[in-house]
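Structure at a glance
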Amino acid sequence: MNTLRFVAKRILLSVVILFFVALIIYTIMRCLPTSYIENVARAKATQPNSKSYEEWMAQLSATYGMDKGIIAGFFIWLGQAIRGNFGDSWQYTVPVIQKFKECIGISFWMSAISMIFEWLIAIPLGIIAAKKQYSRTDYAISIVAIACMSLPTFFLIALLKLVFCIKLPWFDLIGVVGRNYAQLDAWGRFLDRAHHLVLPIVTLVLISIGSLMRYVRTNMLEVLNADYIRTARAKGLSERKVINKHAFRNTLIPLVTFLGGSLPGLFGGALFTETMYSIPGIGYYSYHAMYAGDIPFSMFYMTFTALLALMGNLLADVLYAVVDPRVRVS
Amino acid sequence: MAEDKNLHNVEDVNPDKENVSAQEEYSLNDDRRVKVLSPGAMVAKRFFRNRTAVFGMAVLIIMFIFSFIGGLITPYGESELFYRVDYQQKEYASAIENKEYRYKGTADFSAIVQAQMLLAINSHKDSFTWDKINYYVAQEADNLYRCSNEAGELIGIAYKAIFNPAKQGTSLELDALLETQKAYANGGGTYTVGGETYVMDAEGNITKDGEDFGYISVYNIQALMSDVFLSREFKEQVIAEIEAGVDDFVFTDVDGVEHEYKLAFVPANNRYTITQATETRVYDRYSAPSKEHPFGTDKNGMDVMTRLMYGGRVSLVIGFVVEFIATAIALILGGIAGYFGGWVDNLIMRIVDIFYCIPSMPILIIIGAAMDNASVPPKTRMIYLMLILGVLGWPGLARLIRGQILSLREQEFMTATEATGLSYRRRIFQHLIPNVVPQTIVSVTMGLGGTILTESSLSFLGLGVRFPFASWGNIINDVNDTYVLQHYLFIWIPAGVLLLATVLAFNLVGDGLRDAFDPKMKR
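Bear in mind that the values here come from a model prediction, so they are computed numbers and not experimental data.

**Focus on the overall build of chain A**
A count of helices and strands for chain A gives 13 helices and 0 strands. When the helices and strands of chain A are read in sequence order from the N terminus, they spell out α-α-α-α-α-α-α-α-α-α-α-α-α. Each principal axis of the C-alpha distribution contributes one length, and for chain A these read about 90 × 60 × 35 Å. By the burial criterion, 47% of the 330 residues in chain A qualify as buried.

**Brief notes about the sheet that holds strand 8 (residues 189-193) of chain B**
Either a parallel or an antiparallel arrangement is found when strands of a sheet pair, and the pairing is made through backbone hydrogen bonds. Residue and element names in this part refer to chain B. An order of 7-11-10-9-8 is seen for the 5 strands of this open sheet, with the pairing classed as antiparallel. Two strands bound the open sheet, and with one partner strand each, they are strand 7 (162-165) and strand 8. Each adjacent strand pair in this sheet contributes to an overall mean axis angle of 25°, direction not counted. Here strand 8 pairs with strand 9 (residues 196-200) via 5 bridges, running antiparallel. Paired with Gly 189 across the bridge in strand 9 is Met 200. Its contacts with the sheet place helix 5 (residues 174-185) against strand 8, strand 9, strand 10 (205-208) and strand 11 (211-217), and it is angled at close to 170° to strand 8. Contacts from helix 6 (residues 232-244) reach strand 7, strand 10 and strand 11 within the one sheet, and its direction differs from that of strand 11 by about 20°.

**Some points on the nonpolar core**
Counting 158 residues, the largest nonpolar core has Trp77(A) and Trp492(B) as the members making the most contacts within it. If you tally residues by element for this core, the top one is helix 5 (residues 96-131) of chain A, at 14 residues. Leaving out residues up to four positions away in the same chain, Trp77(A) has contacts with Ala22(A), Tyr26(A), Phe86(A), Met299(A) and Thr303(A).

**Section: the side chain of Gln181(B)**
Examined against the element boundaries, Gln181(B) turns out to sit in helix 5. For Gln181(B), a relative accessible area of 4% corresponds to the buried category.

**Thoughts on the layout of surface pockets**
All names here are of chain B. Put simply, the second largest pocket is a space of about 650 Å³. Phe 163, Asn 164, Pro 165, Ile 221 and Lys 235 are, among the 30 residues lining the second largest pocket, the residues nearest its centre. Those elements that place two or more of their residues in the lining of the second largest pocket are strand 2 (102-105), strand 7, strand 11, strand 12 (219-223) and helix 6.

**Regarding the sheet that holds strand 15 (residues 271-283) of chain B**
All names here are of chain B. Across the sheet, 5 strands lie side by side as 12-1-15-14-13; this open sheet has antiparallel pairing. What marks the edges here is a single partner per strand, and that holds for strand 12 and strand 13 (248-252). Recorded for the sheet is a direction-independent mean angle of 35° between the axes of neighbouring strands. Across 12 bridges, strand 1 (residues 83-97) lies against strand 15 in antiparallel orientation. When the sheet's bridge partners are listed, Gln 88 is paired in strand 15 with Thr 278. Against the sheet, helix 6 engages strand 1, strand 12, strand 13, strand 14 (258-266) and strand 15, with an angle of about 155° to strand 13.

**Some points on the interface of chain B and chain A**
At the interface, 47 residues of chain B touch 45 residues of chain A. Between chain B and chain A, a total of about 4000 Å² is buried, with carbon and sulfur atoms accounting for 81% of that surface. If you sort the residues of chain B by the area they bury against chain A, Ile354(B), Cys357(B) and Ile366(B) come out on top, with a joint share of 14%. Where chain B touches chain A, the interface holds 1 salt bridge. One salt bridge connects Asp511(B) with Arg214(A), and the closest N-O pair in it is separated by 2.7 Å. Taken together, the links from chain B to chain A amount to 3 residue pairs in polar contact (both at pLDDT 80 or more). The element contributing the most residues to the side of chain B that touches chain A is helix 16 (residues 489-517) of chain B, with 13 residues. Looking at the side of chain B that touches chain A residue by residue, the class counts come to 31 nonpolar, 9 polar and 7 charged.

The rules behind the values
Residues numbered from 1 in each chain as written. Chains lettered and ligands numbered in written order. Predicted model: local features only at pLDDT ≥ 70, side-chain atom pairs only at ≥ 80, totals over all residues. Heavy atoms only, no water. Helix = DSSP H or I, 4+ residues; strand = E, 2+ residues; numbered from the N terminus. Buried < 20%, exposed > 50% of the residue type's maximum accessible area, 1.4 Å probe, protein only. Pairing = 2+ DSSP bridges. Axes fitted to C-alpha atoms, helices over the stretch in contact; angles between N-to-C directions. Contact = heavy atoms within 4.5 Å. Core = buried A, V, L, I, M, F, W, Y, C linked by side-chain atoms within 4.5 Å. 1 Å grid on protein atoms, 1.4 Å probe; cavity = no way out; pocket = protein on both sides within 12 Å on 5 of 7 lines; lining within 4 Å. Points joined across faces, edges and corners; volume = space filled by probe spheres on them. Buried area = accessible area lost by both parts, 1.4 Å probe. Salt bridge = Lys/Arg side-chain N within 4 Å of Asp/Glu carboxyl O. Polar contact = N/O pair within 3.5 Å; in protein donor to acceptor, adjacent residues only side chain to side chain. Nonpolar A, V, L, I, M, F, W, Y, C, P; charged D, E, K, R; others polar.

Now the structure itself:
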């Protein structure tokens, strides 16, 4: 009962936060001096026998619903957004939701696959590092982890492209399908896509594995220093049993929490990776929409990102309470 | 590593020596037997024991020297352009051997009649009929035909050799041209047309009244630029070289200056082109690493090494300014929230929640793109960038500080400050804030790395620091050109390595500081 009340309160709070976040983003977008509409109006006004720039601005603003004040405009947007209508994207000239549905799939699968790899690699390495604290292995793993955290994504991608696309021509530089994609059968198409997604997934794994490895190591260390581990060792249990049975199970608590918290992020897309590899996912399309000043699409994307972050926090907190019976929600 | 060793010497060897003699003088529980270190010294000792942290520190010191002192030492400016002299083969003239018939005639000699005449020539007929009129074709010489009408009047000729006048504006009438062509076919001679006497030598040079009138040849040689007049000697030499089949030749002009030319046959338009190597001053783009430019030059012809130095300066300065803004906001708001609690805390923490939730990268991209459209000057952009990054960067630290202060204010020393009647300001800023300094320093150090990463990512996208200012991010930006990615590694690899090293160093130092500040730390 207590937990339910806690969850309800958190959800309510999240809604309020989301409201203000959307308001701030909307205000920023509307206040910016130049945007998509100005560009279109300028282009149209230069055509022969055209109306003046001011007339075009007035007409286009009315068409795009930008003639209202910021607050009024925001509430109109909000009223529609609650009903799931985020308007039409200016850049892609289709409803925002339709574009989102088109591009979310590839982003999701890319993130999901890289997440699986991350966990498969980070957990064993983190545990090994903690088990042999201050050993050579520990230093190596810690430094690799911190180096991964410090890697500039764009530099990493450039290096990967240099090595695996140019020096060893194993992969294409950009794109998600090869040039003979149309001639392939269903299985061949699947393989072609998978082949093109290898480098982006490697990139995603490398840039996010560092923090996970450190997280596993820190939590494992904490558990290894706990009294019950000393007790287990004192009882004369084998080291394997201590680590695998007593320690690992307890590190699972923070890990499951972390995992739960990062699940919503799977839908957020990878802005840099998708853009630099030209993968038509949500990150790629939103980058171009934002660059063009496409207000409906950007509003949707940013609100969506904020929502995902809030959901992640909420999920982590709830999971923490669910997984760890010792936690009493206050 | 050297620093590490030194420190051990100072700390371990000297006290030992003292202890040997001291043991005899001091009693067992004498305080003087124990060397007491201040908390700061303890932290420093623990920090310097951490090898990776010391390594990070060393890297940072090198980066600072490289960026701030390097920029002063380097002989070049941040956006100084370099040029190189390039020899480019520029097309100078073209020569074509005329293989087509050319026509000249009276008004009756229309294009259709010319075509019919060509047909007759090719089929070796001596007459043809066009539009119910009969025309007669007669061969005067090789590649020279005349066309006359029924009355036997000359109405046109077809020829291949071209008359080149000595002076511009001179031209030959139909009769004169026919005679000239005849003379050329016969290998020269003297002929008279319309009362004028012309003399042609074996090479086709024509003189009239003892004056150079022009010459005739099957080659048509024209300069590419209309203001260049090709001398007779030049044209003759070109023809001789073409017939000799050479690729390049040297021509000595009237003033005795030698010019080198290259001759090439272009099959596409059946033409010889004569190119001349001209000295051109071009930007020294993408020149390979050399003594003058250790990392070569970039696409604008600027020294990459110097750009890297100034880029480091920009990245570090932006990092520090941003962290300063963010820390100031975080300390004030976090401190107030933690100290006062209640509704103030609630309000401030909700603001923190909201700011924490704003997706910063998209906002930065949108603002960057808008500044692009508004063509904001690069310097103003940099200031905006720092402000925005600072304003978006404080919530995490504010949360941390508030949590710390919340627990600190319950401690006895705070009750004491209250009892002594200190003002709120003194209590917060003199007694609480100093206690959160360790966490703040750690967070700022880690944050510096993060800020530099964000800034360079934006600059890489072209939305952060812009030309002419250098930033490690916008130096790597060249890599978007696949050719640069593949061939000019010396431009983008050093920038990436410096960036990675700096961020890594900040993270290592931050990590080391966290461990050093943590009293529970065992080693």
